[in-house]
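# Understanding the architecture of this molecule
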There are 2 protein chains.
Amino acid sequence: MAQLLRASTWGLFPWRSYCSQKAKGGVCVNLMQMDQILELNLEDFSVVVEPGVTRKALNTHLRDSGLWFPVDPGADASLCGMAATAASGTNAVRYGTMRENVLNLEVVLPDGRLLHTAGPGRHFRKSAAGYNLTGLFVGSEGTLGLITATTLRLHPAPEATVAATCAFPSVQAAVDSTVHILQAAVPVARIEFLDEVMMDACNRYSKLNCSVAPTLFLEFHGSQQALEEQLQRTEEIVQQNGASDFSWAKEAEERSQLWAARHNAWYAALALRPGCKGYSTDVCVPISRLPEIVVQTKEDLNASGLKGSIVGHVGDGNFHCILLVNPDDAEELGRVKAFAEQLGRRALALHGTCTGEHGIGLGKRQLLQEEVGAVGVETMRQLKAVLDPRGLMNPGKVL
Amino acid sequence: MAQLLRASTWGLFPWRSYCSQKAKGGVCVNLMQMDQILELNLEDFSVVVEPGVTRKALNTHLRDSGLWFPVDPGADASLCGMAATAASGTNAVRYGTMRENVLNLEVVLPDGRLLHTAGPGRHFRKSAAGYNLTGLFVGSEGTLGLITATTLRLHPAPEATVAATCAFPSVQAAVDSTVHILQAAVPVARIEFLDEVMMDACNRYSKLNCSVAPTLFLEFHGSQQALEEQLQRTEEIVQQNGASDFSWAKEAEERSQLWAARHNAWYAALALRPGCKGYSTDVCVPISRLPEIVVQTKEDLNASGLKGSIVGHVGDGNFHCILLVNPDDAEELGRVKAFAEQLGRRALALHGTCTGEHGIGLGKRQLLQEEVGAVGVETMRQLKAVLDPRGLMNPGKVL
Ligand SMILES: Cc1cc2nc3c(=O)[nH]c(=O)nc-3n(C[C@H](O)[C@H](O)[C@H](O)COP(=O)(O)OP(=O)(O)OC[C@H]3O[C@@H](n4cnc5c(N)ncnc54)[C@H](O)[C@@H]3O)c2cc1C
Ligand SMILES: Cc1cc2nc3c(=O)[nH]c(=O)nc-3n(C[C@H](O)[C@H](O)[C@H](O)COP(=O)(O)OP(=O)(O)OC[C@H]3O[C@@H](n4cnc5c(N)ncnc54)[C@H](O)[C@@H]3O)c2cc1C
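Thresholds, definitions, all that
- Residues numbered from 1 in each chain as written.
- Chains lettered and ligands numbered in written order.
- Predicted model: local features only at pLDDT ≥ 70, side-chain atom pairs only at ≥ 80, totals over all residues.
- Heavy atoms only, no water.
- UniProt positions renumbered as here; feature names shortened; annotations may be inferred.
- Helix = DSSP H or I, 4+ residues; strand = E, 2+ residues; numbered from the N terminus.
- Rg over C-alpha atoms; globule rule 2.2 N^0.38 Å.
- Buried < 20%, exposed > 50% of the residue type's maximum accessible area, 1.4 Å probe, protein only.
- Contact = heavy atoms within 4.5 Å.
- Lys, Arg positive; Asp, Glu negative; His and termini not counted.
- Charge placed at Lys NZ, Arg CZ, Asp CG, Glu CD.
- Pairing = 2+ DSSP bridges.
- Axes fitted to C-alpha atoms, helices over the stretch in contact; angles between N-to-C directions.
- Least-squares fit on C-alpha atoms with pLDDT ≥ 70 in both.
- Salt bridge = Lys/Arg side-chain N within 4 Å of Asp/Glu carboxyl O.

By the naming in an unreviewed UniProt entry, chain A is D-lactate dehydrogenase (cytochrome), taken from Sapajus apella. Quoted straight from UniProt, the Cofactor (unreviewed entry) entry for chain A says "FAD". Taken verbatim from the UniProt record of chain A, the Sequence similarities (unreviewed entry) comment is "Belongs to the FAD-binding oxidoreductase/transferase type 4 family."

Take a look at the structure:
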């Protein structure tokens, strides 16, 4: 049995994974020292990276090349781990998730054979050649094989960038604005929602001075001229939804500060209750159902007596409720899990998914069944059984 | 055994498929009368269609809704067939292929069970819930099950549209321009290459009056202001590459005429040699290798004595060589096949694929092996064996 993990982000949901590992034993494979960028094809907008290469390391390497890799889960995760979990994050609304940005994978299969999901060395933009093996392995959470290299699609670095924030009188107004911005086809690069608890936490942790109100953080990419148009349209929309202020940050430093605060939202939330652990939900619903589920979740949270904040990639219909919990308090942990499960079921009832980007892991196996139905789960089990007949890879995860 | 086909596009490569069907017998399932648009979610940018609904029928239905479905292979194919073949076409450079635009599939599995690849009724923008079954069935060419409904992602209709054409002194100059336009991050919606043989054929068949020279057909989508900027940048680039004229068509009628001509390129090519059949190649390579492979293919074509033209979705690195052949002339058919196979191998040598969008079918099974390697093909065979253990669905195709 091989449980794959990477030390640096191991702390995310430690107690659940750790318990199961203690109970079952197994082998832990650490690939961090395979940390080479194997091939950079600037003209083809592609790069091949080993498992030890993180998102930030890649973008540092690409600096001055005119290209970048946009998928950005905030955390400085390994790119192969991001492929394994079908990660996405703040830029997905414009650039897609890992699903749209992985071109090829090198995988060590459970029996030791080496698979190149799109064929050795291939890095084309599209193909209709046989079954989409790349797509099957992206998001398989280490249950089908070990990813030893990932070929990624790069994008031209934006010519200019503007970040903006605006505060709203209500959660509903902020989320409605998101829906309207998408419907107006503004090619927004990032659109993130933070509720007032989250804003308060970020103000404290990241020394911001923002209104403590439901807020959108936005980013626009394009030429100077295109940006002005995008900003103007967005400003009109948010004002129609009662936004109290709309402020831009054109300077790189100011923008970095804003996004650093957004990326540190997890730690800012943890700091609200020192000594606690965080437990993150991850539902994603069709855009039209987003206002109702966020508003309802907010009410449930207030009623539950639990401490938590809401932050989300609302442009994709995806948001996280970061619940703060004392891991030694079994009763509280139980309530947190029940809250998360109820939220998952609410998303399912609205034609959504229980996980927009974090994956199933151990905790959402029951919800997966409810989400894809019996035939869906049976089909997944058939795939697992044929590709890993001895059940060696991350046993018990996902299915 | 079930061979799936749809009468309307059955004429594409008739003799190959037909021979194999005659030899093996089998059941032919016609789904054309399942032709309902089952669900339209305007706010969520999604729609559910049955197999009898074609691309044009859907876009006619969407007229005045502010939304459209951009994937456009020219032919008025069924949308489920397009999902089955991972089709793409002229708009993929901007909007992606079927792979990026199918959200869910309803599939009758070989044993009769009904699978919803993303779960019943689901139509979210992204998910990390278990294995990507949708991705596995898109492009499976009817070998894993019968698609009885497809949920598609819709896009906001562009506010304004401009089409443009420009003629070049050489194939190299036209293809170089394509690479430069992409590198400059101009969000071009369509960028199609037609060689001088193709232009001549289009002039005759579609009553155009264009220069008989290597030509790019382009289309830009956006706000009026954004379009002006895109046009200006593109014009600069093509002029640097020696384009002799760059003309725009803002009026809907003029644009339609241009794209009708492009979409009729197949029939225009056939008309060059009455009584013949067409045989289309479909390679796709990394963008940087596109100039050399197109130039080389052009030279080979001239040297071969075969009659053919080149047309392609060059923004994806994908182009077709439409070869004209007398189907009763076995020797000529042999030369055509040899030419296509050699071109496929050249694409493979340049890290490309033997099929960007048409699929493997019967004709490219050997090339598939060379493309993905032994482990890739074995893995695909394992998937086929577990999902269709009795080999009922399109036996002999793809693998
Ligand atoms: C503060 C914080 C914020 C985050 N925000 C987001 C967000 O906004 N969006 C988002 O999508 N995610 C988010 N994440 C999750 C993050 O994206 C994941 O942790 C990441 O995708 C996984 O990469 P990793 O290197 O951390 O993998 P690990 O945590 O080491 O592994 C994750 C899973 O992938 C498997 N795996 C890892 N590497 C391989 C490999 N080489 N081959 C096969 N299987 C492998 C593991 O077995 C495990 O099942 C966040 C995480 C943190 C800590
Ligand atoms: C003139 C012309 C130009 C074209 N240009 C392009 C182009 O630019 N780009 C491009 O990508 N394609 C192009 N094509 C191909 C076209 O996209 C395909 O024909 C189309 O994708 C397949 O859809 P169809 O309805 O014609 O399917 P069919 O031809 O009926 O079937 C194609 C394959 O899919 C399977 N299939 C069909 N329906 C189902 C179903 N419901 N369930 C399971 N399997 C099914 C069939 O078994 C078969 O293997 C062109 C075709 C023509 C005629």
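Following the structure, the description resumes.
### Things to note about the overall build of chain A
What chain A contains, in helices and strands, is 14 helices and 16 strands. A compact globule built from 399 residues would reach a C-alpha radius of gyration of about 21 Å, and chain A, at 21 Å, matches this within 12%. The buried share among the 399 residues of chain A stands at 60%. Intrachain contacts of chain A at a sequence separation of at least 6 include 70% that bridge at least 24 residues. Here chain A contributes 36 positively and 42 negatively charged side chains, and the mean placements of these two sets differ by 6 Å.

### Let's talk about the sheet that holds strand β4 (residues 46–49) of chain A
All names here are of chain A. In space, the 5 strands of this open sheet follow the order β3-β4-β8-β6-β7, with antiparallel pairing throughout. A single partner strand is all that each edge strand has here, and the edge strands are β3 (37–41) and β7 (114–116). When strand polarity is set aside, the average angle formed by the axes of neighbouring strands in this sheet is 10°. Of the strand pairs in this sheet, β4 and strand β8 (residues 146–153) are connected by 4 bridges, and their pairing is antiparallel. Bridging across to β8, V48 finds its partner in T151. Relative to β3, helix α2 (residues 55–62) is tilted by about 45°, and along the sheet it contacts β3, β4 and β8.

### Some details on the relation of the copies chain A and chain B
Expressed as a screw transformation, the operator carrying chain A onto chain B has a rotation angle of 180° and an axial translation of 0.0 Å, and the superposed copies differ by an RMSD of 0.0 Å. Here the symmetry operator amounts to a two-fold rotation axis.

### Looking at the pattern of salt bridges
All told, the structure shown has 40 salt bridges over all chains when counted by the stated rule. Linking R233(B) and E159(A) is a salt bridge whose minimum nitrogen-to-oxygen distance equals 2.7 Å. Of this pair, R233(B) sits in helix α9 (residues 224–240) while E159(A) sits in the loop between β9 (155–156) and β10 (160–167), on two different chains. The salt bridge partner of K298(B) is D195(B), with a shortest N-O separation of 2.8 Å. Taken together, the positions of K298(B) in helix α12 (residues 290–304) and D195(B) in the loop between β11 (190–194) and α8 (196–206) put the pair 103 residues apart, joining distant regions of the chain. Each member of the pair, K298(B) as well as D195(B), is classed as buried. Salt bridges here are not isolated pairs; linked through shared partners, they connect R55(A), D72(A), R190(A) and E219(A).

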